[in-house]
Every structure is written in structure tokens, then in C-alpha cells.
2 protein chains.
Amino acid sequence: MSDKPSPSARVSLDDVALRAGVSTATVSRVLNGSASVRPSRREAVERACEELGYVINRAARTLASRRSMTIGAVVPTLATETFSRPLAAFQQQIHQSGYTMLLASSDFDPDTELKEVNKLVEYGIDALMLVGNSHHPRLWERIAQQNIPCIQTFSVDARYPSVGYDNELAAGELTAHLLALGHKVFAVIVGTPPSNDRVSDRITGTRQALAAAGLTLDEANLINSAFTMNEAREAMFRLLDGPNPPTAVICGNDLLAFGAMRAASERYLRIPNDISITGFNDYEYAEHLEHPLTTMRVELDRIGEVAADYLLATLNGETAPVQTLLKPELIVRGSTGSAPRAAKG
Amino acid sequence: MSDKPSPSARVSLDDVALRAGVSTATVSRVLNGSASVRPSRREAVERACEELGYVINRAARTLASRRSMTIGAVVPTLATETFSRPLAAFQQQIHQSGYTMLLASSDFDPDTELKEVNKLVEYGIDALMLVGNSHHPRLWERIAQQNIPCIQTFSVDARYPSVGYDNELAAGELTAHLLALGHKVFAVIVGTPPSNDRVSDRITGTRQALAAAGLTLDEANLINSAFTMNEAREAMFRLLDGPNPPTAVICGNDLLAFGAMRAASERYLRIPNDISITGFNDYEYAEHLEHPLTTMRVELDRIGEVAADYLLATLNGETAPVQTLLKPELIVRGSTGSAPRAAKG
DNA sequence: GTGAAAGCGCTAACAA
DNA sequence: TTGTTAGCGCTTTCAC
């Protein structure tokens with residue numbers, strides 16, 4: 001009585017129809033949960049699928065139906081929590097609606113991003129998630145042309161659907177906190193190519209806050225090539241050895257801040273007595289570091305969820321908030337304190 | 001002279017053929033880099049593609065060619081470096097060969113994993129990457145049936161292609177290190193369902209090493225539900241308040257170890273004088289913690305690379321090493337030290 | 001409620 | 001080197 005399919009023969013919908021004694025149209029209806037199929041036939045089809053070990057061919061379905069049930073996501077890199085966390089949330093969310101994620105990385109490069117988006121479009125993605133708001137000039141053109149719902153994350157952008165926070169504002173808040181503590185000499189450690197809008201917004205925010213206080217950010221104190229903790233640590237050494245050693249250091253994320261703190265400690269600087277350091281994101285470990293980190297708490301998971309919700313709603317023809325502004329929260333901890341009194345003189 | 005395609009009309013290969021004045025077969029040849037096309041025609045086709053803004057339809061290509069140029073990956077979760085790091089490396093590697101990654105998460109559940117694999121198969125993945133070696137009974141059956149090259153990661157497994165390390169051995173080494181320091185009362189903090197072979201192998205490794213020293217692991221000292229740093233911290237409190245407070249605590253990864261250390265510190269235990277704690281993975285920050293962490297260094301990126309290389313080689317009909325055993329390295333730092341002398345009497 | 005039949009957009013023999 | 005043609009496996013009118 002064994003009905004095992006021969007291993008070499010790929011069973012198709014036709015085989016199922018044949019076995020169930022119905023037409024391919026009916027099989028298709030059952031597969032797609034169409035209401036109008038007589039229960040007895042439905043059962044017959046389901047049994048045939050089971051017995052034959054039928055696996056639907058999505059390429060064929062996509063071709064015929066013009067929907068891939070696939071959503072694309074392009075992030076700068078998977079190698080940091082900053083993106084992998086929201087992506088995890090995003091994926092879980094779209095998954096609940098039956099979508100599968102096609103994932104690509106841009107490596108922080110707009111050209112690569114465009115290429116990846118093009119490829120995803122070739123695969124027929126039904127919707128797309130992007131990070132940031134500064135892309136290749138032709139990227140939005142292509143997306144509009146294909147008529148694919150798309151949302152930007154991490155930055156807000158009045159021109160397009162987006163979910164994120166106001167990086168300028170967040171950096172301003174952080175800077176204000178440090179200014180209130182009496183700091184006058186600032187430094188910034190980030191890891192980013194110039195194309196990164198989130199980071200450049202933050203730098204702008206810091207610069208504006210400084211300007212409002214009659215201060216400026218020394219160019220020599222702006223380090224924008226630190227991606228890892230060790231790179232931040234080394235950057236900090238350079239800062240301390242530089243022409244204008246800061247008393248307040250604003251870092252792009254908590255890991256970089258950790259690296260900066262390590263360097264300071266290795267130079268026997270006391271935190272926060274001699275130097276104040278801030279992070280960004282409020283990773284789980286931030287509060288547990290030797291010097292609990294002052295940082296901006298952002299809801300990483302929420303970004304992914306909101307992005308998914310927007311896309312899913314749009315795909316369903318529902319309306320969803322096009323702009324979602326998340327509000328980062330300043331968390332003041334022990335890594336920041338009053339500026340040291342001028343040492344000598 | 002504007003040749004902008006009308007936004008509504010999807011341009012197909014036929015349109016390109018028409019415009020270039022060749023057959024669809026020739027367009028297909030150009031698209032696929034077939035050598036035998038006269039340069040003049042090739043150029044004509046390329047120009048037509050450009051002018052029409054042609055985007056290939058991969059669903060159609062997949063259907064016709066029976067190759068999707070897609071590789072599937074299923075990981076327990078994206079939300080931890082442990083998997084997102086190797087995945088990043090994997091993705092980069094397959095990408096260089098023109099493949100796109102279809103990503104799914106199992107959430108540590110074999111049933112979910114099977115479902116996800118089935119879905120990926122529906123999408124026609126050409127190859128598959130899995131984590132671990134304990135899956136749903138029908139998973140390998142399905143893969144074999146579909147004849148899809150597949151590799152397991154993080155664990156080695158003689159039955160199937162795999163790349164990973166010997167978790168039992170690694171845990172044994174760690175345990176031996178602690179035994180040599182005179183520890184007698186051990187605890188283990190991991191976050192994992194029972195299905196997780198990597199972790200259960202490690203527990204086995206620890207148990208065996210203990211047994212060899214005439215010791216056992218108190219069941220009350222085995223905590224297997226700590227995924228986050230804070231959960232590890234709380235687990236540690238329970239351990240310290242438990243019937244058999246350990247002097248040596250083996251944690252599933254560096255983040256958990258960090259949490260455990262925090263709890264110990266909050267109870268005014270000195271590390272490593274009063275208690276020794278170990279991690280796993282050697283994350284970048286491990287050496288910079290207040291108490292630099294003794295841990296096993298594993299090449300997370302390498303796992304992804306090797307997996308990708310194996311799959312790509314297999315897809316090309318080349319042979320590649322079917323088993324790759326990576327060797328974790330014991331890194332001894334300040335979080336472990338001699339067992340405290342028995343306190344009271 | 002069901003089936004027949006016409007594609008979806010591409011590749012791959014096969015012929016020329 | 002090139003074109004013709006027959007599918008790939010599904011969905012989806014449109015009749016019935």
C-alpha cells in the first residue's frame with residue numbers, strides 16, 4: 001500500500017489533481033484557501049497532497065500570480081546588534097503574515113545598496129525595508145517604477161514612509177546634558193562613511209548645540225572611522241594624545257563608548273571625574289559596565305515591528321501611519337559628570 | 001528622444017528582443033553571459049535593456065531553469081551575535097558568487113525549523129545552511145528528497161556535512177581548567193531548550209570532566225533558561241541563594257557570563273577570589289570587562305565562510321571538505337582563579 | 001462549485 | 001551564431 005513518490009519525480013499540481021480526481025483549478029483553490037470548494041473535494045485534494053508529498057513551486061506561483069509573498073530588507077550589515085535586532089523583530093512580524101524575508105547587505109555603500117535592491121526587485125519582492133534616508137539617487141526611482149511599498153528605518157524623512165528617530169535632536173539632547181555639566185571640549189567617535197545620514201545628523205545636532213553655547217567641535221576631535229570596540233579604543237588614545245584632548249566624548253553606540261572608556265581607564269583617567277563619555281542605544285550591558293553608561297535608549301525592536309506593520313498594512317490595502325517618530329530617552333548614568341576644573345593655570 | 005518606459009507597462013524579455021531586433025533566445029544568451037553571441041548583437045541587446053529599464057523576472061527564470069540562485073539559511077535567532085556574525089560572513093560569501101540569501105528563524109524550535117525549511121524548499125533554494133545537528137526527524141528526509149546540498153553549522157556531525165567545533169571537548173577543556181584551580185562546586189548557566197545539541201553537548205562535556213575528577217554537577221546548579229544578560233544575573237542570584245552555592249560557574253556565552261559576574265559583584269563576592277566565572281565565544285568586549293573574562297575563543301565568522309564555501313563548491317560540482325572541525329581556544333583571563341579555601345571549618 | 005484553457009516571462013533543446 | 005518552439009508549474013478568467 002506504499003504510495004511513496006519515486007524520489008526522482010518532482011510531483012506537481014497536475015499530479016495532485018490527477019490523483020484527487022479534480023482539475024488543477026480546484027487544487028489551486030484548495031491550496032489558496034478559497035472558500036468555494038466542496039468539503040469532500042477539499043479533503044480529496046489534501047489527501048492527495050499528503051500522499052504524494054507535494055511541495056508547491058513558489059516560482060511558478062509567483063509567475064502566475066505576480067506576488068512572491070516575499071519582503072526584501074537591506075541593512076548596512078548584519079554584524080551588529082543595531083541592525084540584527086530590529087531585523088529579527090521585522091522578520092518575526094512579516095512571518096506571521098506568511099511572508100518570507102529576502103535579506104541583503106549594503107555594507108554602508110549606496111551603490112551596493114542600489115544593486116541589492118535591484119536584485120531584490122528581480123526576485124519580485126512585494127515590499128521593501130531600507131535603512132536610513134540617504135540612498136543612491138536612482139533608488140527611489142526604481143522602487144516607484146516598480147510600485148513596491150517601501151519604508152525607511154532609523155531616520156525619519158518627510159518625503160517617504162519612515163520609522164525612526166530624530167538623530168539631530170537626540171544628539172542635541174546628549175550634548176546639552178554634557179554642556180549642562182560644564183564641558184567645553186568635546187569629541188565625537190563614530191564609525192561611518194560620509195553617506196550615513198543617521199550619524200551625520202547626529203554630528204549636526206551636536207554641532208548646533210555647541211554653537212548655541214558658543215562652542216565648536218574641533219575637527220581633530222571628530223573621529224569617523226571606528227566600527228569596533230578596539231577601533232574606538234584606539235581612536236580615544238589618539239584623541240587624548242591630540243592637540244585638544246576632550247573632557248566629553250560622544251560615541252556612536254554603546255560598544256564604541258565602552259572602547260573609549262577602556263582607553264581612558266588605561267590612561268588612568270577617572271570616569272567621570274576627568275572625562276565624561278556617552279553611548280547610544282542602551283544595549284543591555286550598558287548599565288552594568290564598570291562605569292555605567294550614560295546613553296540614549298532607543299527601541300531597536302520597535303523599529304522592525306513598525307516597519308513590518310506599515311508594509312503589511314499597505315500590502316493589505318489598509319492605511320498605516322506613514323511617519324513614525326520614535327522618541328529616544330536620555331539615560332543618565334555614571335559615565336558622565338561635571339567637567340573637571342581647569343587643571344593647570 | 002526620451003525613451004522612458006511608461007510606468008505601468010512591465011517590460012519583459014520579449015520587449016527587449018523586439019527592440020534589439022533579435023530573438024528572445026539571443027536576449028537570454030546575453031543575459032546569461034553565453035559566449036556565442038556576436039558583439040554587435042550583444043551591444044544591441046544591452047542597449048535595449050538599458051533604454052527600456054528592463055528588469056529580469058527571476059521567478060520566470062527559476063521556473064524555466066530550475067535554479068533559483070538562492071540559498072536558504074535557518075538560524076535559531078538573529079538577535080544574538082552568535083548567529084548574526086557568522087550569517088553576515090555567510091551572506092557575503094555566497095553573494096560574491098551571485099547568490100541571494102533567503103533567511104528564516106527557528107526560534108530554537110525543531111517544528112518551526114522544519115516548517116521554515118519546507119517553505120524555503122518551496123521557494124526553490126539551491127542550497128541550505130542549518131544550525132546544529134538535532135532537527136526534526138523528517139528534516140533530512142525532506143532535504144534528501146529534494147536533493148538540496150546542505151550543511152550544518154556549529155556542531156560537527158559525522159552523518160552530514162558540517163562545520164563547527166566539538167562542544168563536548170570545549171566544555172571539557174574549560175571544566176578541566178577550573179578543576180585544576182581546585183574548584184569542587186560547579187554551576188552551569190545556559191539559555192536553551194533541551195533540543196539544543198550544542199549546549200547539551202557542552203553540559204555532557206562538563207559532566208564527564210567532573211566525573212573524571214570524582215565530582216558531579218548538582219542538578220540544582222544547572223540553569224538552562226537564561227538567554228539575556230539580566231536573566232543570567234538573576235540566575236546567578238538564585239544559584240548563590242541555593243542549596244549548593246558554586247565557586248565555579250560555566251556560562252553559555254560571554255554575555256551570560258557578564259550577567260553572572262554582575263550578580264556576584266552585587267553580592268560583594270570577589271572575582272576570582274571568591275568565585276570563578278567563564279564565558280564562551282570571546283566577544284570583543286570580553287577582555288575589557290572589569291574582570292577580564294576567561295572564555296573559549298571561537299571563529300564565528302569562519303563558520304559562515306566555511307559553510308558558504310562548502311555549499312558553493314558543491315553547487316559547482318566541485319568537492320569540498322565535508323567535515324570541518326574548528327578548534328576553539330581556551331583564553332585564560334582574570335575571571336577565573338584558585339578555588340577559595342573552605343570558608344568555615 | 002467546478003473545469004478548460006490561456007497565459008505569467010523565462011530557458012533550453014533543436015534546427016537552421 | 002541565431003531563431004523557433006515547447007515547456008517550466010502555477011493562477012485565473014470565463015464558461016458552465
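Refer to the structure above for everything that follows.
Residues numbered from 1 in each chain as written. Chains lettered and ligands numbered in written order. Predicted model: local features only at pLDDT ≥ 70, side-chain atom pairs only at ≥ 80, totals over all residues. Heavy atoms only, no water.

Peer 1: Explain the interface of chain B and chain A residue by residue, including any values.
Peer 2: On the side of chain A, 51 residues touch chain B, which itself brings 51 residues to the contact. Taken together, the two surfaces of chain B and chain A that pack against each other cover about 4,600 Å², and 54% of this comes from carbon and sulfur. Considering only the surface of chain B that becomes buried against chain A, Glu122, Tyr123 and His288 of chain B emerge as the three largest contributors, covering 15% of it. Run the count over chain B and chain A and you get 2 salt bridges. As a salt-bridge pair, glutamate 122 of chain B and arginine 58 of chain A come within 2.6 Å of each other at their nearest N and O atoms. In this assembly, chain B and chain A are joined by 31 residue pairs in polar contact (both at pLDDT 80 or more). The set of elements that each furnish at least two residues to the side of chain B that touches chain A consists of helix 4 (58-65), helix 5 (81-96), strand 2 (100-105), helix 6 (110-122), helix 7 (137-146), helix 10 (229-241) and helix 11 (254-266) of chain B. With 3 bridges joining them, strand 2 (residues 100-105) of chain A and strand 2 of chain B adopt antiparallel strand pairing. Each bridged residue has a counterpart across the sheet, and for leucine 102 of chain A the counterpart in strand 2 of chain B is leucine 102 of chain B. (Contact = heavy atoms within 4.5 Å. Buried area = accessible area lost by both parts, 1.4 Å probe. Salt bridge = Lys/Arg side-chain N within 4 Å of Asp/Glu carboxyl O. Polar contact = N/O pair within 3.5 Å; in protein donor to acceptor, adjacent residues only side chain to side chain. Helix = DSSP H or I, 4+ residues; strand = E, 2+ residues; numbered from the N terminus. Pairing = 2+ DSSP bridges.)

Peer 1: Before we move on, can you summarise the packing of helix 5 (residues 81-96) of chain A against helix 12 (residues 300-315) of chain A with the specific residues and values?
Peer 2: Residue and element names in this part refer to chain A. At a closest axis distance of 7 Å, the pairing of helix 5 and helix 12 adopts a crossing angle of 40 degrees. Accordingly, the angle class assigned to the pair helix 5 and helix 12 is oblique. Here helix 5 and helix 12 pass one another in a crossing that is right-handed. Facing helix 5, whose interface residues are Glu81, Thr82, Arg85, Pro86, Ala89, Phe90, Gln93 and Ile94, helix 12 presents Leu300, Asp301, Ile303, Gly304, Glu305, Ala307, Ala308, Asp309, Leu311 and Leu312. Taken together, the residues of the contact of helix 5 with helix 12 sort by class into 10 nonpolar, 3 polar and 5 charged. (Axes fitted to C-alpha atoms, helices over the stretch in contact; angles between N-to-C directions. Parallel < 35°, antiparallel > 145°, perpendicular 65-115°, else oblique. Left-handed = near helix turned anticlockwise from the far one by under 90°. Nonpolar A, V, L, I, M, F, W, Y, C, P; charged D, E, K, R; others polar.)

Peer 1: Account for the pairing of strand 2 of chain A, with residues named and values stated.
Peer 2: Residues and elements named next belong to chain A. Of all 6 residues that make up strand 2, 6 are buried, and the element is covered over most of its length. Burial along strand 2 is two-sided: Thr100, Leu102 and Ala104 and Met101, Leu103 and Ser105, pointing in opposite directions, are all buried. In this region the chain leaves strand 1 (residues 70-75), passes through helix 5 and returns to the parallel neighbour strand 2; the handedness of that crossover is right-handed. (Buried < 20%, exposed > 50% of the residue type's maximum accessible area, 1.4 Å probe, protein only. Right-handed = clockwise from strand over helix to strand, strands pointing away.)

Peer 1: I'd love a proper account of the protein's contact with DNA strand C, names of residues and values included.
Peer 2: Taken together, 26 residues surround DNA strand C, and among them Arg29 and Arg38 of chain A together with Leu13, Ser28 and Tyr54 of chain B come closest. Counting only atoms of DNA strand C within 4 Å of the protein, the fraction found in sugar and phosphate groups is 69%. One nitrogen or oxygen atom from the main chain of leucine 13 of chain B is found 2.3 Å from a phosphate oxygen belonging to DNA strand C. For DNA strand C, a phosphate oxygen lies 3.4 Å from a polar atom in the backbone of asparagine 57 of chain B. When contributions to the surface near DNA strand C are tallied by element, the ones reaching two or more residues are helix 2 (24-31) and helix 4 (58-65) of chain A together with helix 2 (24-31) and helix 4 of chain B. Its residues assigned to classes, the surface near DNA strand C shows 11 nonpolar, 9 polar and 6 charged. (Near = heavy atom within 4 Å.)

Peer 1: Go over the sheet that holds strand 1 of chain A, please, and point to the residues and values.
Peer 2: Overall, mixed pairing links the 12 strands, which are arranged 11(A)-5(A)-4(A)-3(A)-1(A)-2(A)-2(B)-1(B)-3(B)-4(B)-5(B)-11(B) in an open sheet. Each of the sheet's edge strands pairs with one partner strand only, and the pair in question is strand 11 (323-326) of chain A together with strand 11 (323-326) of chain B. Each strand of the sheet is rotated relative to its neighbour by a mean of 20 degrees, with strand direction disregarded. Of the strand pairs in this sheet, strand 3 (residues 127-131) of chain A and strand 4 (residues 150-155) of chain A are connected by 4 bridges, and their pairing is parallel. The residue of strand 4 of chain A that forms the bridge with leucine 128 of chain A is cysteine 150 of chain A. Across the sheet, helix 12 of chain A touches strand 1, strand 3, strand 4, strand 5 (162-165) and strand 11 of chain A, and the angle it forms with strand 4 of chain A is around 165 degrees.

Geometric values such as these leave the question of function open.
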